[in-house]
Amino acid sequence: MGGSRDPHPTRGAHGAPSGCFGEEGSGVSPALEGPQGPRVKRWCRGHWEALGGGQEAGSHRGALRRRRGRTGRTGWSVPGEGLGGGGEGGSGCSGDALHRGVSGLRAPIACTHCVPPHPKACGCQGVVAPQMFRDLQNSEIIQQLTEQFKEDSSEYPLSLNTRPWHRFRDGFCELLTAVVQRCQYSIIYDEFLMGSLISFLISLTDSRVRAFRHTSTLAAMKVMSALVKVALGVSVQQENNLRQYEAERSKGPGRRATEKLEALMVKRRELREQQEEIENMMNAIFKGVFVHRYRDVVPDIRAICMEELGTWMKTYAASFLTDSYLKYIGWTLYDKQREVRLQCVKALQGLYGHRDTAANMELFTRRFKTRMVSMVLDKELSVAVEVVKLLTLMLENMGEALTDEDCQSVYPIVFVANRPLAAAAGIFLYRRLLDPQQGAGMDASYDRDNRAFFQVLLTFFIEIELHEHAAYLVDSLWDCAGPRLRDWETISAMLLEESPAEGLGDQQEKALVEILAASVVQATEGQPPVGREPAKKPSSRERKAQMEERIRLTHCLIPALPKLLGKFSADADKAAPLLEVLCCFHLSIYCTGRLEKVLAPGDTPHLCHPPGQDLSPF
């Protein structure tokens, strides 16, 4: 990858303040001191030292250290207190402690105590001393660290997937974010702390060592995300300031306060300068880190860039939701690695999920829509699931963007074996084709007999020519259209209609009988059809709901089932599914409800009740 230039080549020769953590000489405001001060200082110091920030980093408790035997094959022990909080339930960095930690920083060297991704966070045993920042350039420091990086294993903290190391990563990101947030009102504009930090990160992300490159890229992207939030806050302040200035200036000469107008003008210039400085910082990180690392050879690094880019666009759409930034997501949709494509799709979900941001993506949609639609057949099922969810969001917020041909590519997915993918496609199908109230703006309870729903469903089921897969279609629609599919009264009424004008054709009757049988089985057993992964064991609440639904459908279908069997007795293809429905009845209701009279003469419920089902009253 291309080299990175140091945006701050001139370094001061200042030493680090001795009281960096609120000790004597730190310059901490007395208002920040309190009865909890010593405890908070010790807590904060432990977090800095966990990154190797102390002078004798190897001796601190909580610092990453090399151990053999007890730490497994990687040899890296997890920091004792973690970066996200003490012990198991750490809740994150203390704001007061961070304020004490950064309130004394007034020189570039001070950042060596707390901010950069220290070598130990990268899995390196090297130490960055303050005098190294005073006497050496970034490239020379990184060269020394590279020579000291002599690890036998290719693993490093960010590459480990165990729960303690996930907490380490979360704490590391939270620490960097909290530092920027605590410095946002003054220190980030002093041209020392952030300048040295960004310069060091840009240089480190260009390292040949994967651990350095990965860790510093994550740190740079998190710092950038924190700066984006600060920039958004400054932008809001500018808008408020302008509104106050215009309101004051519109007053008459006798009521206008000249001093207030001058103060507002001074504040406006100050906010404009702050906005320019933050934009310069963000541009340095974007051009020095993102532009090179979004195409890094390591998939995890590329995924980090795409994830954070989506965060910037969603947080500060006025600045980042432009074609000059969106193009990076569009290009990366073609990435060969699953995790990179997945992060791109999730980033787009955050943008298409809101009408105001989706309205600004028309050009991107026209350029990359073909690629997004084709990704519903992605070889990685997790990516395909998220793509279908993305198209559903596009359907809801940019309905005109998807043509009928685009939707035809999604509909057949309701029959695939993977249930999460089929369920996502079922939601898409329901939103696009089966929900008549959505387009008319009506409430779902308006059409109470659901006839329009079943008419459209039957048309779709017949035209797609996969009649033997009714159980798969019902299972795919169950999460979004379950209440409609459980409308037993409407289904039975439609099957018993004899009017040529309103009645169903032969194909429609056969399809509706299959849908009825599949819906009954799904409602009473809760298991997916054969070929799809089995559902998890139902909870006691779910079992109770299934029993209640079994009783309800029995009451609804007992009077109609003999009529349906009599109507379709000559057609085995229609009668066989109806017998499956009978097997799902709670047959004791025939006795307790005194419903034996609905049976044909000479029949008894004992002729066809499922084995082992008790017919005695409750």
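Here is what the cut-offs are and how they apply
- Residues numbered from 1 in each chain as written.
- Predicted model: local features only at pLDDT ≥ 70, side-chain atom pairs only at ≥ 80, totals over all residues.
- Heavy atoms only, no water.
- Helix = DSSP H or I, 4+ residues; strand = E, 2+ residues; numbered from the N terminus.
- Buried < 20%, exposed > 50% of the residue type's maximum accessible area, 1.4 Å probe, protein only.
- Contact = heavy atoms within 4.5 Å.
- Areas by Shrake-Rupley, 256 points an atom, 1.4 Å probe, with all protein chains shown as cover.
- Expected span 1.5 Å × (residues − 1).
- Salt bridge = Lys/Arg side-chain N within 4 Å of Asp/Glu carboxyl O.
- pLDDT = per-residue confidence, 0-100.
- Phe/Tyr/Trp six-rings, centres within 6.5 Å; stacked < 30°, edge-to-face > 60°.
- Axes fitted to C-alpha atoms, helices over the stretch in contact; angles between N-to-C directions.
- Left-handed = near helix turned anticlockwise from the far one by under 90°.
- Nonpolar A, V, L, I, M, F, W, Y, C, P; charged D, E, K, R; others polar.

Visitor: How would you sum up the overall build of the protein chain? Please name residues and give values.
Guide: If you tally the helices and strands in the protein chain, you get 27 helices and zero strands. In the protein chain, which comprises 618 residues, the share counted as buried stands at 51%. Partitioning the contacts of the protein chain with sequence separation of at least 6, the portion at a separation of at least 24 is 73%. A total of about 29,400 Å² of accessible surface is found on the protein chain, and carbon and sulfur atoms cover 50% of it.

Visitor: I'd like to hear about helix 20 (residues 451–463), residue by residue, with values.
Guide: Between its first and last C-alpha atoms helix 20 spans 18 Å; for 13 residues at 1.5 Å apiece the expected length is 18 Å, and the two agree. Buried residues of helix 20: F453, F454, L457, L458, F460, F461 and I462, and no others. Where helix 20 is buried, its residues meet helix 18 (419–434), helix 21 (470–485), helix 22 (488–496) and helix 23 (506–525). Among the residues trailing helix 20, E465 stands out with phi positive, at a value near 60°.

Visitor: I'd love a proper account of the pattern of salt bridges, names of residues and values included.
Guide: Scanning all chains against the criterion turns up 25 salt bridges. A salt bridge links R432 to D404; the shortest N-O distance between them is 2.5 Å. Placement of the pair is R432 in helix 18 and D404 in helix 17 (residues 404–408), with a sequence separation of 28 residues. The network of salt bridges with shared partners includes D506, E509, K567, D571 and K574.

Visitor: Kindly report on the confidence of the model for the protein chain, identifying the contributing residues and their values.
Guide: Of all residues in the protein chain, 68% attain a pLDDT of 70 or more, and the chain-wide mean is 76. Helix 13 (residues 338–352) holds the highest mean pLDDT among the elements of the protein chain, 96, whereas helix 1 (residues 37–50) holds the lowest, 40. Long-range and interchain partners of residues 1–77, a stretch whose pLDDT sits below 50, account for 163 contacts in this model, where long-range means more than four residues apart. For residues 600–618, every residue scores under 50 in pLDDT, and the model assigns this stretch 23 contacts once sequence neighbours within four places are set aside.

Visitor: Provide a residue-level description of the packing of aromatic side chains, including the pertinent values.
Guide: Applying the stated rule across the entire model yields 19 aromatic pairs. For the ring pair W165 and F168, a centre distance of 5.4 Å and an interplane angle of 75° mean the geometry is edge-to-face. One end of the pair is W165 and the other is F168, both in helix 6 (residues 163–183) and three residues apart, which spans about a single turn. Their ring planes at 85° and their centres at 5.8 Å tell us that Y411 and F460 sit as a pair that is edge-to-face. Of the two residues, Y411 sits in the loop between helix 17 and helix 18 while F460 sits in helix 20, which places them 49 residues apart along the sequence. Classification of Y411 as buried rests on a relative accessible area of 5%. Judged by relative accessible area, which is 8%, F460 ranks as buried.

Visitor: Which residues make up the environment of I558, and what values go with them?
Guide: One can find I558 in the loop between helix 24 (540–557) and helix 25 (560–567). On the accessibility criterion, I558 (0% relative accessible area) is buried. When the C-alpha positions of I558 and L587 are compared, they lie 9.5 Å apart, and in sequence the two are 29 residues distant.

Visitor: Can you lay out the packing of helix 20 against helix 22 for me, pointing to particular residues and giving the numbers?
Guide: For any two helices packed against each other, one specifies the crossing angle of their axes together with the interaxial distance. Look at helix 20 against helix 22: their axes get within 10 Å of each other, and the N-to-C directions meet at 65°. Two packed elements cross with a definite hand, and for helix 20 against helix 22 that hand is right-handed. For the pair helix 20 and helix 22, contact is made by R451, F454 and Q455 and by T490, I491, A493 and M494, respectively. Residues that form the contact of helix 20 with helix 22 fall into these classes: four nonpolar, two polar and one charged.

Visitor: Account for the side chain of T332, with residues named and values stated.
Guide: Within the element layout of this structure, T332 appears in helix 12 (residues 323–332). Using a relative accessible area of 5% as the deciding quantity, one classes T332 as buried. Sequence-distant contacts of T332, that is, excluding residues within four places in its chain, are made with Y294, M306, V340, R341 and C344.

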